[in-house]
Amino acid sequence: LPHGRVYNFSAGPAILPVDVLERAQADLINWQGSGMSIMEMSHRGKEFESVIQKAEADLRQLLNIPKNYKVLFLQGGASTQFSMIPLNLTKQGDVVDYVITGAWSKKAKEEADKYCKVNVAAKGDNKSVPAPSTWKLSPDSKYVHYCDNETIGGVEFKSTPDVGDRVLISDMSSNFISKPIDVAKYGIIYAGAQKNVGPAGVTIVIVRDDLIGHCRPEAPVMLDYKIHVDNDSMYNTPPCWSIYICGLVFEKLLKAGGLTAMQKLNEQKAQILYDAIASSNGFYNSPVDPAVKSLMNVPFTIPSSADLEKAFIKEAEKAGMLQLKGHRSVGGMRASIYNAMPLEGVQKLATFMKEFQAKNQK
Ligand code: PLP
């Protein structure tokens, strides 16, 4: 691969498109003749203003974000949203609904426990998702929170759950901009950038206007959506470099046909791996219900031998495919194949899987 790079299947921080990195490299020392890097210039200057405004405009176009939604570029990771959401949308004693489908939605729920009464409306088994029609939503909940793609379990919702006129909130950290989404069905969508968008350090929050301006007065100022809205995401110094890279990625995706084209490619890539698992006659196993298999994170095991799993990871590494070790809570392997993973990387992994099986199957 160019620049001596490898195929990196990390769940995050994940790979960026190589042409984006090349452009960033050229801009690194002197951005567009300004004599400065984006990392060095005032976030209040016209140069950076043009960067953040274009990033927002391009994201709005990519996701077709309605006018009554604000786009925020915040810090603190998706994990900070776990507390920001209840602090902005509830008062002490209010009831909220959480759907648990894996490790991340569980963490979000545990944070909300500190601030309000959490009703667990449904709980999955980390391999499937409970059908939205079975969710036991509370009659007076302030919102319903779920995770659209569980990064560790590899479990992904294939459509937006119907929660009637309730406020729906989704953690899309690991599948943000991997496919078109009807933003109007949501109250809030949030995502840490470091998986499918750009470098760690920026968290993108899309929030409907009527949900802004209700933060608890005792909450830290940095956790109030309204402060960030009123200051165009520049209440304090923003993560300029991360926002700039995200902007390059948005621009690239728009040029490449937007999210419909991206979804098609992501489906093609995921299918190659799931087919490789399915056609292995049990040598490889995917624990996930076929109806909700993630397009982004593909966990799989070699049920016959933990030693073979270790050998698989080691040999794949030698062949230039890195970070395939499964999450410590699941074991086995996990291939994360976000937007920036080229088709060729997935094809190479599928070929490697077949060869490894042929060599090692007793
Ligand atoms: N939500 C999901 C689905 C994730 O995959 C992650 C990180 O892996 C997080 C939340 C936490 O994100 P951050 O590290 O940006 O706080």
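Since this is a predicted model, take the numbers as computed values, not measurements.

Chemist: What am I meant to see in the site of the ligand here?
Modeler: With respect to spatial proximity, the complete set of residues near the ligand consists of Gly12, Gly77, Ala78, Ser79, Trp104, Cys147, Thr151, Asp171, Ser173, Ser174 and Gly192. With three residues, the top contributor of residues to the shell around the ligand is helix 3 (residues 77–89). Grouping the amino acids of the shell around the ligand by side-chain chemistry returns three nonpolar, seven polar and one charged.

Chemist: Explain the environment of Tyr7 here, please?
Modeler: Along the chain, Tyr7 falls in strand 1 (residues 7–8). Separated by 337 residues in the primary sequence, Tyr7 and Glu344 place their C-alpha atoms 9.2 Å from one another. Not counting residues within four places of it along the chain, the set of residues in contact with Tyr7 comprises Gly320, Met321, Gly345 and Lys348.

Chemist: Hey, could you run me through helix 2 (residues 46–63) in this one?
Modeler: Note on helix geometry: an α-helix contains 3.6 residues per turn, so any two residues three or four positions apart are oriented the same way. Between its first and last C-alpha, helix 2 extends 26 Å over 18 residues, near the 26 Å set by a 1.5 Å rise per residue. In this structure, the buried residues of helix 2 make contact with strand 2 (69–74) and helix 6 (240–255). Remark: Asn64 follows helix 2 within two positions and exhibits a positive phi of approximately 55°.

Chemist: Sorry if this is basic, but what is going on with the pairing of strand 11 (residues 297–300) here?
Modeler: Remember that side chains alternate between the two faces of the sheet whenever the strand is regular. Residues of strand 11 alternate between two faces, with Asn297 and Pro299 on one and Val298 and Phe300 on the opposite face, all of them buried. With four bridges connecting them, strand 11 and strand 13 (residues 333–336) associate as antiparallel partners. When the bridges of strand 13 are listed, Phe300 appears paired with Met333.

Chemist: Can you walk me through the UniProt feature "domain: Aminotransferase class V" (unreviewed entry) in the protein in this structure?
Modeler: The UniProt record annotates "domain: Aminotransferase class V" (unreviewed entry) at residues 6–349. Helix makes up 33% of residues 6–349 and strand 16%, and the two end C-alpha atoms of the span are 12 Å apart.

Chemist: Just to check I follow, could you spell out unusual backbone geometry for this structure?
Modeler: Glycine aside, residues mostly have negative phi angles, and peptide bonds mostly take the trans form. At the junction of Gly12 and Pro13, the peptide bond is cis and its omega measures out at -5° in the coordinates. Considering the arrangement of structural elements, one finds Pro13 in the loop between strand 1 and helix 1 (18–27). Phi is positive for Gln32, close to 45°, though the residue is something other than glycine. By secondary structure assignment, the location of Gln32 is in the loop between helix 1 and helix 2.

Chemist: Would you explain the environment of Lys179 in this entry?
Modeler: Relative to the elements of secondary structure, Lys179 occurs in the loop between strand 8 (168–171) and strand 9 (188–192). Given 20 C-beta atoms within 10 Å, Lys179 falls into the buried group. Through-space distance from the C-alpha of Lys179 to that of Asn339 is 9.6 Å; in sequence the pair is 160 residues apart. Ignoring any residue separated from it by four or fewer positions in sequence, one finds Lys179 in contact with Leu259, Met262, Gln263 and Asn266.

Chemist: What am I meant to see in the domain arrangement of the protein here?
Modeler: When the parts come together, some accessible area is lost, and that loss is often what is quoted as the size of the interface. Under the domain assignment, the protein is made up of domain 1 (19–255) and domain 2 (257–360). For domain 1 and domain 2, the distance between their C-alpha centres works out to 27 Å. At the level of elements, strand 7 (155–156) and helix 6 are the ones that each hand at least two residues to the side of domain 1 that touches domain 2. Across the side of domain 1 that touches domain 2, the residue classes break down as 10 nonpolar, nine polar and five charged.

Scoring rules and cut-offs
- Numbers given for residues are sequential positions, taken from 1 along each chain in its written order.
- Where totals are concerned, whole chains, interfaces and linings use all residues; where local detail is concerned, this predicted model gives features only for residues with pLDDT of at least 70, and gives and counts side-chain atom pairs only at 80 or more.
- As a rule, any residue with its backbone-derived C-beta atom within 6 Å of a molecule or strand is reported as near that molecule or strand.
- Helix numbering and strand numbering both begin at the N terminus, where a helix is a DSSP run of H or I of at least 4 residues and a strand a DSSP run of E of at least 2.
- We call Asp, Glu, Lys and Arg charged. Ala, Val, Leu, Ile, Met, Phe, Trp, Tyr, Cys and Pro are nonpolar, and the rest, Gly among them, are polar.
- This entry defines residue contacts through backbone-placed C-beta atoms, with two residues in contact when those atoms are within 7 Å.
- Given a helix with a known number of residues, its expected span is that number minus one, times 1.5 Å.
- Around each residue's C-beta, the other C-beta atoms within 10 Å are counted; 20 or more make the residue buried, 12 or fewer make it exposed, and counts in between make it partly exposed. All C-beta atoms are placed from the backbone.
- Criterion used throughout: strands pair if DSSP finds at least two bridges between them.
- UniProt positions are given in the numbering used here, feature names are shortened, and annotations may be inferred rather than shown by experiment.
- Throughout, the edges of the domains are those of an automatic or database domain assignment.

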